[in-house]
Each structure stands twice: as C-alpha cells, then as structure tokens.
Amino acid sequence: MAEAADFQGTSPSPARRLLRRTGALLAGAPLMAALFQLPAAPAAHAAGQQTVRAAATGSRTVAVSVDSLTPSVPSDGDTLTVSGTVTNNGKQPVTDAHVGLRVGQELETRSAIDDVARSTSFDPVSDGPEIGGKYVQKFSRLAPGVAQRFSIAVPVSKLELGSDGVYALSVSLSGQTPAEAWEQVLGIQHTFLPWQPDDAAAKTRTTCLWPLISTVHMTAETGPGAQQVPVFLNDDLAKDLAPGGRLERMLSLGKDLDVTWVIDPDLLASVDAMTRSYRIRADGDAGPVAGTHQAVAKQWLAELQRAVAGKEVVALPFADPDLASLAHNGTSVTGSLSQLKDATDVAASTVETVLHVKPDTDFAWPVDGAVDSSIVRVATSAGADKVIARSDSLEESDTLTYTPSAARPIGGGTTAVVADARLSRAFEDDLTKAGASTLAVQRFLAQSLEVNGQTAKQRSIVIAPQRMPSADQAQAMAQALGLLQQSTWSQSQSLSAAAKDKPDPGATTKIPSSSHYPSALRKQQLRPSAFAEIARTQDKVDNFKVVLTDESRVVTPFGRAMNREMSTSWRGRKQAAADFRDGVEDYLNDISEQVKLIDKSETKLSGRSATIPVTVQNNLVQGVDHLVLRLTSTNPTRLKISGRAYSEQPVAVSGGHSQSVKFTTSANANGPVSVIAQLYTQDGRPYGEPVTFDVKVTEITATVMLVIGGGVLLLVLAGFRMYTQRKRAAARENASGPQDGDGPGEAAEEPGQAGEDTERPEGERAENPAGTAERLTEEPGARPRAEGPEQPSDPTPDTAAENADPSGTGEKVDR
C-alpha cells in the first residue's frame, strides 16, 4: 500500500529541484570527462559505463563511520562539524584519498528518508556534489584494515540549504587503488540534516514515553520471620541499578527530560525490597545467600522520587502482564482475567507507597503496540479505557496525506493512543558504536521534522519506544529527545493530554482482527499451558489460605508471583518462564505440606472398643485453623468410627506444634481393617495427602486371656484356702467336745463369724472379744434361740430384757 502520510502539504518548486539536479550533473562532468580519456578504455562510451559501475561497486570498499555531527540541527551562522573514521576493507591500499561532505536533495516524504537510510552506495545525482576546497580532509594512503579518523568543519552557509526541511547529508571517501588508478568514491555514509532555523508556524505536540520496566527478579519465596525476607532469582537487578547500569542510565538521563514516566510497579516493589534485608538464590543445592546492595537500591529510589516529582507517571498493571498472550491463549482458562484485574488493582497502591505520587492507571500497553479486537477487550476488562497502540498496527487509508494525531476513539468509551511507528522504533538497533548512535539520532530528528512539515495543521504525536532499552539505546534516545525538545518545530505534551486531543476525522478507528496479529510476535506468546499452570497454582493458594490464621503471609507473595508469571518480559525466554512457574508451584507445595498428618503403622485393637489417635503436625511459623480431620473405615461392618463409617473432628494447631486427635472405635468382628485419615478444609476440599493404615481387631487377645486366667486361678485358690480353714476349725471344735450349757440341739456357728478367725493369734482375739466369738448374752430385743432349727413359720417371741447377771458356769466367752 502506498504510504499516504508521506506526502507533504507543500514541497519545493519543480524549477528549484531541476536546478539542483542540473548542478549536480555539471559538477560531475569533469570527473566523467577525465575517465573518458583514460588510455586503458577501448572506447569513450565503454569507459563511461565502467566508471558508473565502478562508482556503484567501489563505494563499499572503504567503511565510513560518522561518529559525531554537531550541531545536529544547525541554524544560520553555525558551523557544522562532522567527525568519524574511515577503514579500508579492501585488500589493496587506497591512495590520494580525501573525505568530503555532500548535501543531497531535500527529502519530501518520510519514505524517502527511509530509502536514504537504507542506501549504502553512491549516487552522483541524489547524493549531490562534494563541498570541496578546504572543506575536505586528505589521506595519502589508507592501508587495508587500518582505521583513520577525520574531522571536517563547514560553515552552514557553504551548504547552500534552501527552504525548511530535511536534507540528505553524505560523507564520502574518494581515492584510487592500484587496480583502478582513477579517482572514484570508494566509501560513503548517508545521514540527515534537519533544517528549520525559525520557529514553525504550528509546532507538533510530542509525547515521549520513558519506560522503567525490567525483567522478573523476585521469587515467591520469603523467610520465616515477621519481615518475610524476600528471595531474588539472581543479583542482576543490583547490576542494573549500579552506576553505568541500564536502569541507572534510564533514570539519570530521563530526569532531565520532559517525558511521561511509564513504570512497572513490580520494579518498584523489587527495588524497595532490596533496601532492606533480602536474599539471593544460590546455584545448586546451597540455600539463599544474603544480598548486599541495599545502598545502591536506596540511592536509586531516592533519585527516582525526585525525578518524578511533578511529572506524569503512568503505572502499568503489576509485573506488566502480556495482554496479547492473555487475549489469545489465556481467556479460555478460568481465572486468568482475574489475575489481570488483581495486577491492575495493586498497581496504584504500590507506586503511591514507594514513590509518593498518584499514578495514572487508565492506560494499557500491549507489547510493541500491536493490537487486535481481542487484545482491546482484554486490556479494557481490568478498567483501562485507553490503549497505547502503534501506527504499524492501525494502517491509515490512502486518502490521508499526513500523519494524524494519536488519539482515536475506537468505541465503547475506549481511546486508542496510536504511537508513531518510525519515531518509536528509531532506537531499536545495536547502538553500541558511536556511528550507529549518531545516525539514529539524525534519522529520528529528520522524521520528526518531516511530520511537522506535512501540513500546517497542529497535531499530537506519541513516541512509545521499546520497553527495556539498553544503556546505549537510552543514551541515544535521551540525546535525540533533548534536541527535539529544544527544536523549533516541536513542543512537549503529557500522555494524558495527547489522549484527550481532538482526533483527526480522517484517521482510522478500525481495530484489526486477531488474524492480523504479527506472526513473529505470536510465536513469542505464553502458551495456553502456562495459563493452566497459573490457574492450578491459584487454586492451591485458595485451598491453602483458608486454613491459615494469617493468610496475608501467603496470599500476597504468591499473588505477586502469579502476576510475574504473566509478565511481558518472558517473551523470547520460554524455558526461563517455565522454570519460574515450576518454582512457584513447587515452593507452594512445599510450604503447604508443612501442615500434614503423621504416618501411622499398623494399630491393634483388643476388645470390642478402643481409641485411635491421629497426629496433625504444623511446621509453619503461624497457626492453622478451620481444618477438619476425617477418619474413615473401609469396612464399617467390621470396624466403626464413633458408631459410623467415618467421623470428623475440627483441628487447630499452633505454629511449630503437633496435635493428636482421638477417635473412638468399635469392633464387630475380628480381622484387619484399612482406615483412612484425611484433612479437609471447612468447605469440604481435601487438604494434603491422606494417611492410610491398618487396624487389626482382636476380640480377646492372648494377653487378655492370661490376665483373665490368672484372675480365675486366684479366686479358686482363695476359695480353697477358705474351705481348708473352715475344715480345720470344725475339726478343732469337734475334738474339744460339747461344753456345759450346750444342748444337743444348739445351733452351729455361722460361717464367717467364729470360723473366720480361728487361726488368729490368741492375743488378737482378746483385743477384739466381740469380733468373731459367739455371744451367749442376748442383745436387747433379740429373739431366744430355739432348741431346734428355726423355721420361717415360727412365731417371733417377745424380746426379754437383757440379763446383766454373771455368766453361768457352762458359758464360753472369747477374750
């Protein structure tokens, strides 16, 4: 499709363009005439054709690097200084060489700027004549592989710049080689010269995003203490924060620019954690080691707090979730959108806590600004009503002859803020070399000026660079933005102001379908299995937190860890992302298993009923509650738990303690029975692994039989002893004969009276005269003893008064 926005509203006159091109041809005429006269050429026409071919191919023999161009945007009266190096990449030396500057034609479209930037060869027409005379630097000889520096200073007035606009500026090396002994252009480097000495009638309002985003650094692991010391994956964040590191350069360079800070709250949370005690995960089986870069983290945060004071700060959802991955592969997994909502909700509080500024959380930023209808739906589902897109995702129609303003209403109360693709991608190349950085800066400025010159209508342009620029890329970005903010054609504007600007009526508002999403970006997305694993981890957290007395110690670190699992920074690092997810889930499994049932061996029950203890162990530092322990008999016909097939009891265990829970069992038959102990949450979800053990039921065991037999034997022996004692007592009594006063019908002694103490010593009997001996004196109210056996029908005699007279001669009294 033709790029409609490349066409300017005004352009140089045809007469002026014809004059410049004619001058270029006339300037090259002497060189071509000299080449026609070479004796080695068989014919003038053939020589001319060979010269053109030599100029086209030989212009790559020597590498020309423009390391410095000042001023980048010259004005009247300035002197342009161009410095760099030339390196002979050929196998033969170059002699009679010199470096000169060439000012090409004015570039009328943005595509023309791109064409010049891609060009590596010399074109005598488009590159223009060399500014000769004293404004060249000569080299008598360039040896192969040797780089030599050059520096040329030319008054701007000698450049013969015309109307305001962008001009191609080339630095060329001319010389000859032994094989081709005539002067030709052997190396050339193209760049750009923005020319706008006076203020533009309508300056472009330019917004530049300055991203502070990093990769994931913190794990879900924390120490057991009250402070929950965090554990980091590595110490890379400290390197980025240290002087010369990527994040240190982003902060140092950005604080002097008028930019909108776009910050990932996870980065702030990680740096803030580093200001206190933290630990670094060690390689191998060794435990985490103590981190030592608290001072670096404190200094970086303090400088950031000063830098953002009074500036616009946009907070992305926590950990910068990959919206495209979520839209394409995560919405079918239950709970994935809830993770995005949670990441959005925590973003503002994190930024306010760490930076003490209130951020704007209304913006969503899909990776590379690539959007489709599903991405927009997901981006706005968490509350954002503005989506930062990029112009290579929303293509303009052919009828629009300029680059429109960024704001586009796309329906449903949502605004797409469309960043300019060329300006946003200007610093994505390798800029470690000075030459590459200089060219990037000049091309950026040229594109910005070209946008301004397209129409007299004032517009709002947004620049959204790559999320994590390197230190060299950040340096080039800062240089270009600093020059742009001082230029005569641009003025700074915040992102929120750009989003509120009146949109161009001709700008596209149609969001492409999912099929138009770039395939290269799609290959880097998180797979559906990643979101399934995140959902599984969330389910385990939900099951674990309900039993804790302080769930925040688990919910917060694992909630943030699951946000990190969805981070955009995992793109291109598939294995690292999988390892991180596995690490989070493994750690959760490990700490949840700290609350468990202790294994039991076979238990033996003697008799019909018994008590079975089951022990619950809690190795966490906090207590657990809201647990239910269920003991289930697999054969309730043989063994019942509390009279049923199973029984449940609530469980609460303090941190670092164990508790035994006792269950009453009853057996109906002998034999082994498997019993299952399982913890449950109060909502009926199983917690942890069950413990199965066997209970061997024996109604009467051998030990019990021995005890019972021993008891029976003792009773038999006691009865036999009593029998022998009575028999001996009776024998003694019979041997002594009848006593005076004893009639033949007198009743015998009652067992258990005189007979029980017949073997007691005589002294004992005297001490207890009334204990066992029969009393011959009647107790008051006692019935007289009959001559014969008393019958139940005998009448009860009247009770006579007790006789107090001395006993008769025949009475026996034990003393």
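Rules used throughout
- Residues numbered from 1 in each chain as written.
- Predicted model: local features only at pLDDT ≥ 70, side-chain atom pairs only at ≥ 80, totals over all residues.
- Heavy atoms only, no water.
- pLDDT = per-residue confidence, 0-100.
- Contact = heavy atoms within 4.5 Å.
- Core = buried A, V, L, I, M, F, W, Y, C linked by side-chain atoms within 4.5 Å.
- Buried < 20%, exposed > 50% of the residue type's maximum accessible area, 1.4 Å probe, protein only.
- Helix = DSSP H or I, 4+ residues; strand = E, 2+ residues; numbered from the N terminus.
- Phe/Tyr/Trp six-rings, centres within 6.5 Å; stacked < 30°, edge-to-face > 60°.
- Lys NZ or Arg CZ within 6 Å of the ring centre and 35° of its normal.
- Pairing = 2+ DSSP bridges.
- Axes fitted to C-alpha atoms, helices over the stretch in contact; angles between N-to-C directions.
- Patch = residues over 30% accessible without salt bridge, like charges linked within 9 Å, V, L, I, M, F, W, Y side chains within 5 Å.
- Areas by Shrake-Rupley, 256 points an atom, 1.4 Å probe, with all protein chains shown as cover.
- Salt bridge = Lys/Arg side-chain N within 4 Å of Asp/Glu carboxyl O.
- Lys, Arg positive; Asp, Glu negative; His and termini not counted.
- Charge placed at Lys NZ, Arg CZ, Asp CG, Glu CD.
- Parallel < 35°, antiparallel > 145°, perpendicular 65-115°, else oblique.
- Left-handed = near helix turned anticlockwise from the far one by under 90°.
- Nonpolar A, V, L, I, M, F, W, Y, C, P; charged D, E, K, R; others polar.

Some words on the confidence of the model for the protein
Averaged over every residue, the pLDDT of the protein is 84; the share at 70 or more is 81%. Across residues 739–815 the pLDDT falls below 50, and counting only partners more than four positions away or on other chains, this stretch makes 49 contacts in the model.

Observations concerning the nonpolar core
Judged by nonpolar contacts, the single largest core of 74 residues is most densely connected at Phe544, Phe558 and Leu629. With six residues, the single largest contributor to this core is helix H18 (residues 574–592). Contact partners of phenylalanine 544, with chain neighbours within four places excluded, come to Val554, Leu588, Ile591, Ser592, Leu620 and Tyr687. Ranked by size, the runner-up nonpolar core spans 66 residues in total, among them Val73, Met218, Ala307 and Leu484.

Overview of the packing of aromatic side chains
Taken as a whole and judged by the stated rule, the model has five aromatic pairs. Between phenylalanine 232 and tyrosine 278, the ring centres sit 5.2 Å apart and the planes meet at 65°, which makes this aromatic pair edge-to-face. Of this pair, phenylalanine 232 sits in strand E10 (residues 230–232) while tyrosine 278 sits in the loop between helix H6 (265–274) and strand E12 (279–280), placing them 46 residues apart in sequence. There is no split in this pair, since phenylalanine 232 and tyrosine 278 are both buried. Note that lysine 600 overlies the ring of phenylalanine 693, its terminal NZ or CZ placed 5.3 Å from the centroid.

Thoughts on the sheet that holds strand E4 (residues 130–142)
Strands sit in the order E4-E3-E6-E7 across an open sheet of four strands; the sheet is antiparallel. On the outer flanks of this sheet lie E4 and strand E7 (184–195), each paired with one strand and no other. If you compare each strand with its neighbour and ignore which way they point, the axes differ by 25° on average. For strand E3 (residues 94–107) and E4, the ladder comprises eight bridges, and the chain directions are antiparallel. Bridging from a neighbouring strand, valine 94 pairs with leucine 142 of E4.

Examining helix H3 (residues 110–118)
Regarding H3, the residues found buried are Arg110, Ala112, Ile113, Asp114 and Val116. Of the surrounding secondary structure, the elements contacted by the buried residues of H3 are E3, strand E6 (165–176), E7, helix H11 (421–424) and helix H12 (434–453).

Section: a nonpolar patch on the surface
A surface patch of nonpolar side chains, about 320 Å² in accessible area, is lined by Leu713, Leu714 and Leu717. Mapping leucine 717 onto the fold places it in helix H19 (residues 702–736). The partly exposed category is assigned to leucine 717, whose relative accessible area is 48%.

A look at a negative patch on the surface
Taken together, Asp579, Asp582, Asp586, Asp590, Glu593 and Glu689 make up a surface patch of like negative charges. Looking at the negative patch element by element, the count peaks at four residues for H18. Its location among the elements puts aspartate 590 in helix H18. With relative accessibility at 40%, the residue aspartate 590 sits in the partly exposed group.

Overview of the packing of H6 against helix H9 (residues 336–355)
It is at 9 Å that the axes of H6 and H9 come closest, and there the two elements cross at 40°. Relative to H9, the element H6 lies oblique. Here H6 and H9 pass one another in a crossing that is left-handed. Across the interface between the two elements, Pro265, Leu268, Ala269 and Asp272 of H6 pack against Ala347, Thr350, Val351, Val354 and Leu355 of H9. Split into classes, the residues belonging to the contact of H6 with H9 amount to seven nonpolar, one polar and one charged.

Brief notes about the pattern of salt bridges
Applying the stated criterion to the full structure yields 29 salt bridges. For the salt bridge of aspartate 114 with arginine 422, the shortest nitrogen-to-oxygen distance reads 2.7 Å. With aspartate 114 in helix H3 and arginine 422 in helix H11, this pair connects stretches of sequence that are 308 residues apart. The shortest N-O distance in the salt bridge between aspartate 272 and arginine 276 comes to 3.3 Å. According to the relative accessible area criterion, aspartate 272 is partly exposed, its value standing at 23%. Shared partners join several salt bridges into a network, and the residues in it are Arg390, Asp392, Arg425 and Glu428.

Comments concerning the environment of proline 469
With respect to the element layout, proline 469 can be found in the loop between strand E19 (460–463) and helix H13 (471–485). Looking at proline 469, the relative accessible area reads 0%, which means it is buried. In this structure the C-alpha to C-alpha distance between proline 469 and isoleucine 213, which are 256 residues apart in sequence, comes to 9.3 Å. Setting aside its immediate chain neighbours within four residues, proline 469 contacts Pro211, Arg246, Met250, Ala474 and Met477.

Notes on the packing of helix H17 (residues 552–565) against H18
Relative orientation of the contacting elements H17 and H18 amounts to 160°, with a least axis distance of 10 Å. As far as their axial angle goes, H18 and H17 are roughly antiparallel. As H17 packs across H18, the resulting crossing turns out to be left-handed. Taking contact as the criterion, the partners of Val554, Phe558, Ala561, Arg564 and Glu565 in H17 are, on H18, Phe580, Arg581, Val584, Tyr587, Leu588 and Ile591.

What to know about the side chain of glutamine 339
Along the chain, glutamine 339 turns up in helix H9. With near-sequence residues (within four places) excluded, glutamine 339 lies in contact with Ile534, Gln538, Met562, Asn563 and Met566.

Overview of the sheet that holds strand E17 (residues 407–409)
Ordered by their spatial adjacency, four strands build an open sheet running E15-E16-E18-E17, and the pairing between neighbours is mixed. This sheet does not close on itself; its edge strands, each paired only once, are strand E15 (363–364) and E17. Pairing analysis gives two bridges linking E15 to strand E16 (residues 386–390), with the strands arranged parallel. Bridging across to E16, phenylalanine 363 finds its partner in lysine 386.

Re unusual backbone geometry
Here threonine 70 and proline 71 are connected by a cis peptide whose omega angle stands at -10°. Residue placement: proline 71 occurs in the loop between strand E1 (62–70) and strand E2 (79–88). Positioned with a positive phi, alanine 319 is a non-glycine residue whose angle comes to about 75°. Relative to the assigned elements, alanine 319 resides in the loop between strand E14 (313–315) and helix H8 (323–330). A residue is classified by how much of its surface remains accessible, and alanine 319, at 0% relative accessible area, is buried. Even without being a glycine, serine 642 presents a positive backbone phi close to 55°. For serine 642, the location among the structural elements is in the loop between strand E25 (639–641) and strand E26 (646–653). A residue is classified by how much of its surface remains accessible, and serine 642, at 35% relative accessible area, is partly exposed.

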